[in-house]
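# Descriptive analysis of the structure
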Amino acid sequence: MCGIVGYVGPRPSQDILLAGLARLEYRGYDSAGVAVIDGGGSLGMRKKAGKLAVLRDSLADAPLPDGSTGIGHTRWATHGGPTDGNAHPHLADDDKLAVIHNGIIENFSALREELLADGVVFRSETDTEVAAALLGRAYADNGGDLQLAFRSVVNRLEGAFTLLAMHEDHPGLVVGARRNSPLVIGLGEGENFLGSDVAAFIEYTRKALAIGQDQIVSITPDAVTVMDFAGTPVEPEPFDVSWDAAAAEKGGWSSFMAKEVAEQPEAVANTIRGRIKDGQVVIPELEGLDELFIGINRVIITACGTASYAALVGKYAIEQWARVAVDVELAHEFRYRDPVIGADTLVVSISQSGETMDTLMAVKYARERGARTLSICNTQGATIPRESDAVVYTHAGPEVAVASTKAFSAQITALLLLGLHMGRVRGAVADASVDVAELAALPEKIAKVLESEHEHVTQLAGWMADTRSVLFLGRHVGYPIALEGALKLKEISYIHAEGFAAGELKHGPIALIEPGQPVFVLVPSPRHSALVHSKVVSNIQEIRARGARVIVIAEEGDAAVLPFADEVIHIPLAGAMFEPLLAVVPLQIFAMALATAKGLDVDQPRNLAKSVTVE
Ligand code: F6R
């Protein structure tokens, strides 16, 4: 939510800021803005409601004088609608000081009252302008020392924030701070960068430093200093970014989503790589951490949205292989009740971004209650892994489209690996060779689904472009995939969609079935359980009898479903726990093709942002 970029160095900063914002636009696209200190030492600013393109056009029509110090922002609106006035940067100190912000300042009302009483006139409805005005006042109180003033301000703020500021009296200096919101440093040669994530500066450097919770950073062209909110110097943690700028480009695809769907075989292969040894799953990051898995009597997997559906698949796999009870909790619900957790609980969090505020807070809460914590994350240097006892990274590469696809597949893969790893450590799996072979075969099978079903599913979506509602049914590990299929469709095509456990249908939702209602049904292989298979076939008959149009996803050769299906999408044969990774692919393609048929922007759906860093 909100993308932030800062630059100091010898180059004209506007191009660097705009390139960084383009890569961060997935974080929010309600408005965009930049502020620059020009060669003459004056601060200039431009901000526009709408996508980054609107700002670009405005700068092309009437360029700002350029300079080598700048900050830029792309917004997902929280306080105040998406207008020019509410866009960032916000200015103070007679427009000599510029501030950008990601997060929510929870005590902003009290601070605003205080500033109003002091005669401050606000030009926006945002909490950010309150921080800017506070900084303007502190700057004067601290004799023009920007770093000191900035530290005094962040100590007064409550909530979640990443803040960047610069003042025209200090060209070549950008200060930043973070609490529960992301900010990383990019190290260049004679230039330095700040960004919400490494995508902001990946074109210029792959050397990065992570900034911890409640820390302040100052960058100049030649130096980076980090301190905590009390002013004690801190050594930031270096990390190298394992992907390059090309990985975050569209590269000839019609959309990032299309590219990312196609990248799933690679995302899964990269997540497995280096984690199979002598026919067993051995996750090197978890070596020496067996105590995380022994002596626990419960696992809670916590996540939001798509990641929570991956978690549901993980529940089935971990229970089967590691023989320990697993619950899945939506992160935002988990923390606001009084869950029974303690030292015998392992809390596994899943997050593509590693910055989702709800999930981060759940992890912190679990740690405070003495639980062991492990995160599954796709983003190096992110906050959630750093707040956890251990991390298993997914290696899906950067995911830019707002709707998650390849990260979902990588998350399920990581959970399967974790289940087999735990099963071995706990002595619950005697021989994992069949499952390990299934894992290793996944990338090729996913590639096969992409190749064999892409055209068929795209055609199907084209026929259904006027559909107003689609239902998805699944049982066992097909249930989370039904939920994910429905979420993908809602997110990018704005069509009403619901996923149900197939067995739940006759307890209510079957009332929704009327003649012509499209229903996707995920049919598990009869080889895994003839009983579960036959139950799903019965569910199909129940909805067919009421006129539903049934689109079945079933394994190749499943003849039992043919008489009852209007359309059949085939997936290759796979073990029970591995089917979800194949069955989800046609559903992703369907959502994408249907949204495209409706002329919608599949990468940047309305009202959404990729990284949800506010609660
Ligand atoms: C849906 C989607 C979201 C995210 C959710 C969690 O396509 O992307 O539902 O899965 O916001 O995000 P992360 O995984 O970054 O914690």
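This is a predicted model, so every value here is computed, not measured. (Residues numbered from 1 in each chain as written. Predicted model: local features only at pLDDT ≥ 70, side-chain atom pairs only at ≥ 80, totals over all residues. Heavy atoms only, no water.)

In this structure, strand β22 (residues 469–474) lies alongside strand β23 (residues 496–501), joined through six bridges in parallel fashion. The residue of β23 that forms the bridge with Val470 is Ala497. Read from β22 through helix α14 (residues 478–493) to β23, the crossover connection turns out right-handed. (Pairing = 2+ DSSP bridges. Helix = DSSP H or I, 4+ residues; strand = E, 2+ residues; numbered from the N terminus. Right-handed = clockwise from strand over helix to strand, strands pointing away.)

The domain architecture assigned to the chain consists of domain 1 (3–247), domain 2 (258–431) and domain 3 (444–606). On the domain 2 side, the residues contacting the 20 residues of domain 1 number 14 residues. Contact with domain 2 buries surface across domain 1, with Tyr26, Asn180 and Ala247 losing the most and accounting together for 34% of the total. Taken together, domain 1 and domain 2 are joined by zero salt bridges. The tally of links between domain 1 and domain 2 comes to five residue pairs in polar contact (both at pLDDT 80 or more). Residue contributions to the side of domain 1 that touches domain 2 peak at three residues, all from strand β14 (residues 237–240). For the side of domain 1 that touches domain 2, the per-class residue count stands at twelve nonpolar, five polar and three charged. (Domains from an automatic or database assignment. Contact = heavy atoms within 4.5 Å. Buried area = accessible area lost by both parts, 1.4 Å probe. Salt bridge = Lys/Arg side-chain N within 4 Å of Asp/Glu carboxyl O. Polar contact = N/O pair within 3.5 Å; in protein donor to acceptor, adjacent residues only side chain to side chain. Nonpolar A, V, L, I, M, F, W, Y, C, P; charged D, E, K, R; others polar.)

Another aspect to go through is the sheet that holds strand β19 (residues 345–351). Judged by pairing direction, the sheet is parallel, and its five strands sit side by side in the order β18-β17-β19-β20-β21 without closing on themselves. Two strands close off the open sheet at either side, each with one partner strand: β18 (325–330) and β21 (390–393). When the angles between neighbouring strand axes are averaged without regard to direction, this sheet yields 20 degrees. Here strand β17 (residues 298–303) pairs with β18 via six bridges, running parallel. (Axes fitted to C-alpha atoms, helices over the stretch in contact; angles between N-to-C directions.)

Moving on, we come to the side chain of Arg46. Summarising the element assignment, Arg46 is placed in strand β3 (residues 43–49). Buried and unpaired, Arg46 has no salt bridge, with Asp61 as the nearest side chain of opposite charge at 7.8 Å. One polar contact links Arg46 to Ser58, side chain to side chain, over a distance of 3.0 Å. Apart from residues no more than four positions distant in its own chain, Arg46 is found in contact with Ala32, Gly33, Val34, Leu55, Ser58, Leu59, Ala62 and Leu64. (Buried < 20%, exposed > 50% of the residue type's maximum accessible area, 1.4 Å probe, protein only. Lys, Arg positive; Asp, Glu negative; His and termini not counted.)

Moving on to the layout of surface pockets. Considering only enclosed or pocket space, the second largest pocket measures out at about 550 Å³ in volume. Residue lining of the second largest pocket: 25 residues in total, with Cys304, Gly305, Thr306, Lys610 and Val612 positioned closest to the centre. Mapped by element, the contributors of at least two residues to the lining of the second largest pocket are α8 (305–322), β19, α10 (357–368) and α14. Its residues assigned to classes, the lining of the second largest pocket shows ten nonpolar, ten polar and five charged. Lining the lining of the second largest pocket are residues from two domains, each supplying at least three of them: domain 2 (258–431) and domain 3 (444–606). (1 Å grid on protein atoms, 1.4 Å probe; cavity = no way out; pocket = protein on both sides within 12 Å on 5 of 7 lines; lining within 4 Å. Points joined across faces, edges and corners; volume = space filled by probe spheres on them.)

For the rest of this paragraph, the subject is empty space enclosed by the protein. Applying the stated criterion to the full structure yields one cavity of 30 Å³ or more. The calculated volume of the largest cavity comes to roughly 90 Å³. For the largest cavity, the lining is made up of 15 residues, of which Cys2, Trp76, Thr78, His88 and Gly103 are closest to its centre. For the lining of the largest cavity, the elements supplying multiple residues, two or more each, are β6 (97–105) and α4 (127–141). For the lining of the largest cavity, the per-class residue count stands at five nonpolar, eight polar and two charged.

Our focus in this paragraph is helix α2 (residues 52–61). Of all the positions in α2, only Leu52, Leu55, Ser58 and Leu59 are classed as buried. Projection of α2 onto a plane perpendicular to its axis shows the buried side chains occupying an angular sector of 125 degrees, all on one side. Residues of α2 that are exposed and angled more than 90 degrees away from the buried face: Ala60 and Asp61. Structurally, α2 contributes buried residues whose contacts are with α1 (13–24), β2 (31–37) and β3. (Arc of directions from axis to C-beta.)

Taken across its seven residues, strand β4 (residues 69–75) has seven buried, putting it largely inside the fold. Every second residue of β4 is oriented toward a common face, with Thr69, Ile71, His73 and Arg75 on one face and Gly70, Gly72 and Thr74 on the other, all of them buried. Sheet topology places strand β1 (residues 3–8) next to β4; six bridges connect them, and they run antiparallel. In the strand pairing of β4, Ile4 is matched with His73. In the sheet, β2 pairs with β4 via seven bridges, with the strands oriented antiparallel. Looking at β4, one finds that Ile37 is bridged to Thr69.

Opposite charge on two side chains permits them to pair, given that their charged atoms come into close proximity. Scanning all chains against the criterion turns up 26 salt bridges. We note a salt bridge from Glu249 to Arg23, for which the minimum N-O separation is 2.9 Å. Residue Glu249 is found in the loop between β14 and α6 (256–262), and its partner Arg23 is found in helix α1; the two are separated by 226 residues along the sequence. Taking the relative accessible area as the measure of exposure, Glu249 reaches 35% and is therefore partly exposed. Classification of Arg23 by relative accessible area gives buried; the value is 12%. Each of Glu114, Asp118, Arg137 and Arg156 takes part in salt bridges that share partners, so that together they form one network.

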